[in-house]
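Residue-level structural notes
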Amino acid sequence: MRHLIDFGDLSRQEWDELYQRASRIMDDPQKFIDICRGKVMASLFYEPSTRTNFSFQTAMLRLGGTVFGFADPNSSSVAKGETLKDTIKMVSGYADVVVMRTPWEGAAKAASLYSHVPVVNAGDGGHMHPTQTTADLTTITRLLGHVDGLSVGLCGDLKNGRTVHSLIKAMAKFENIQFFLISPRELAVPDYMRAFMRENDMRFTEVTGLEAVIPQLDVLYMTRIQRERFVDPLEYERNKGIYILTRRKLERAKEKMLVMHPLPRVDEITVDVDDDPRAAYFQQARYGMFARMALLADLANQPRLDRTEAVEIGTKPVCRNPRCITQTEHYLPPLVKKNGSVDCCAFCDGTLE
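These lines cover the structure that appears in this document, whether it is placed above or below. (Residues numbered from 1 in each chain as written. Predicted model: local features only at pLDDT ≥ 70, side-chain atom pairs only at ≥ 80, totals over all residues. Heavy atoms only, no water.)

Before going further, it helps to examine the packing of helix H1 (residues 12-27) against helix H10 (residues 281-299). Across the interface, H1 lies against H10 with an axial gap of 8 Å and an inter-helix angle of 115 degrees. For the pair H1 and H10, the crossing hand works out as right-handed. Across the interface between the two elements, Leu18, Arg21, Ala22, Ile25 and Met26 from H1 touch Tyr287, Phe290, Ala291, Met293, Ala294, Leu295, Ala297 and Asp298 from H10. Considering only residue class, the contact of H1 with H10 consists of eleven nonpolar, no polar and two charged. (Axes fitted to C-alpha atoms, helices over the stretch in contact; angles between N-to-C directions. Helix = DSSP H or I, 4+ residues; strand = E, 2+ residues; numbered from the N terminus. Left-handed = near helix turned anticlockwise from the far one by under 90°. Contact = heavy atoms within 4.5 Å. Nonpolar A, V, L, I, M, F, W, Y, C, P; charged D, E, K, R; others polar.)

The strand order E2-E1-E3-E4 describes an open sheet built from four strands, whose pairing is parallel. In the strand order of this sheet, the two ends are held by strand E2 (66-70) and strand E4 (119-124), each with one partner. Across this sheet, the average inter-strand angle for adjacent strands is 15 degrees, counted without regard to direction. One ladder, built from five bridges, connects strand E1 (residues 40-45) with E2; its direction is parallel. Among the inter-strand pairings, alanine 42 is bridged to a residue of E2, identified as phenylalanine 68. (Pairing = 2+ DSSP bridges.)

What follows covers helix H5 (residues 130-144). For H5, built from 15 residues, the straight-helix expectation of 21 Å at 1.5 Å per residue is met to within 8% by its first-to-last C-alpha distance of 21 Å. Of all 15 residues that make up H5, twelve are buried, and the element is covered over most of its length. If you check which residues of H5 are buried, you get Pro130, Thr131, Gln132, Thr133, Thr134, Ala135, Asp136, Leu137, Thr138, Thr139, Ile140 and Thr141. (Expected span 1.5 Å × (residues − 1). Buried < 20%, exposed > 50% of the residue type's maximum accessible area, 1.4 Å probe, protein only.)

Here we take up the pairing of E1. E1 sits mainly inside the fold: five of its six residues count as buried. Running through helix H2 (residues 51-62), the crossover from E1 to the neighbouring parallel element E2 is right-handed. One ladder, built from five bridges, connects E1 with strand E3 (residues 97-102); its direction is parallel. Within the sheet, the bridge partner assigned to alanine 42 lies in E3 and is valine 98. (Right-handed = clockwise from strand over helix to strand, strands pointing away.)

The next point concerns H2. End to end, H2 covers 16 Å across twelve residues, agreeing with the expected 16 Å (1.5 Å per residue, within 8%). All buried positions along H2 are accounted for by Thr52, Asn53, Ser55, Phe56, Ala59 and Met60. Buried residues along H2 sit in contact with E1, E2, E3, E4, H5 and H10. Where H2 terminates, the next one or two residues include glycine 64, which has phi positive at roughly 90 degrees.

The biggest cluster of nonpolar side chains holds 60 residues, and the ones touching the most others in it are Leu137, Leu154, Ile168, Met171, Phe179 and Leu181. Top contributing element to this core by residue count: H10, with nine residues. Discounting chain neighbours no more than four positions away, the residues touching leucine 154 are Val164, Leu167, Ile168, Phe179, Phe180, Leu181, Ile182 and Tyr221. Judged by nonpolar contacts, the second largest core, of 28 residues, contains Ala42, Val98, Ala107 and Cys348. (Core = buried A, V, L, I, M, F, W, Y, C linked by side-chain atoms within 4.5 Å.)

If you walk through the whole model with that rule in mind, you get 17 salt bridges. Here arginine 12 makes a salt bridge to aspartate 16, at a shortest N to O gap of 3.3 Å. Here aspartate 16 and arginine 12 lie together in helix H1, a separation of four residues that amounts to about one turn. On the basis of relative accessibility, which here comes to 29%, the residue arginine 12 falls in the partly exposed class. Across the salt bridge formed by aspartate 274 and arginine 265, the nearest N and O atoms sit 2.7 Å from each other. Of the residues examined, aspartate 274 reaches a relative accessible area of 25% and is grouped as partly exposed. Each of Arg12, Asp16 and Asp148 takes part in a single network of salt bridges with overlapping partners. (Salt bridge = Lys/Arg side-chain N within 4 Å of Asp/Glu carboxyl O.)

Structure below.
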C-alpha cells in the first residue's frame, strides 16, 4: 500500500497485517517508540477535528516522529488562493507522510496524484474516512474477537456519514456480514454505496426504526446528524434528534452487543449509556490511536517517489457532485472508474456529466 485513500483499496491480507501490528503495539508499546525516529508527518486539516487530528499527532509522537501542519486553512497560503496541487507538492517536499482532512470529496485522491510521499485520507467531506474504519475494525476485533458473521446496525445520517461509507467498504472483505441500515429515507445511504453492496453480494436491510432491530445486532454503530453537511437548514431541523439511544432501549439488546460511535456525539446517545459495559465509543477512540500508529509505522518509512511522469491537465469538472474536489480544482484530470457496471468519478464516486 502506497496511500490510504479508500479502505476498499486494501486487501484482506493487508488489513490483517495492519491489525496484527496494531495489536503488537497495544500489547507492548515500548517496542515501537523509535520506529519513526527522524520521520516527519504533515497534518493538513482544512476543517475542524478533535479525535482524528489529536489521534494522528499522538500516534506519530509515540512512534518517535515529529509533526507540523495546520488545523485552520486560513493560517496557511490556502487563504491566499494556493491550489491543492501546489500545497501538496510543497508540503510533500518537507514531510515523509501527509495526513489530510478536507470538506471537499475526493481531495485526498487528488493529493495522491502530486505527492512525493504517502497520503492518508483523514476524511474527505461526506465521502470516506478510512482511518476511522481502522479504529472501528480494531475495536470490534479486540473486543469481540472476530468480524466475520456479525450483524451490524448503522444508525443515523447514512447519506453524509463518511465513517459509515468506509465501514461498509471494509466489511466487504469479511464473510457473512448482515447490515441493518437505520435512517430516515432522505438520509439513506447514497446510490453508489447501495450499488457497491449489491455488487459484493452483501446482505442489507433498510429500515427507519431502531428499536425493532436492536435485539438482532452484535454491533450498533450510532452516528450524529451532521449539521455541516446539510445544504438546506430545514432538512437538518427535520432530522435532528430523530434517533436517540437510551439505557432503556439497550434493555432489549444482546448482553455483549457493542455500542460504537465515531464521535463527537450531540444527543444521539444519552449520558446514562456511558456506564453500560456495552458502550465502546471511548475505547474506540483509544484503539484508533493504536491503529494509526500501525499505519504510520508502515507509510512514514516508505521511500520518497521521484514524480517525473506528467499528470493530465483537466479543463473543467466532469462530476455532478457539487462537493467534489474537481468543482474547484479544474486542472485535475477527468478520472473515471467503474462502480459495478456504472462509470463514476474516481475522486468522489459521484455521477458524471
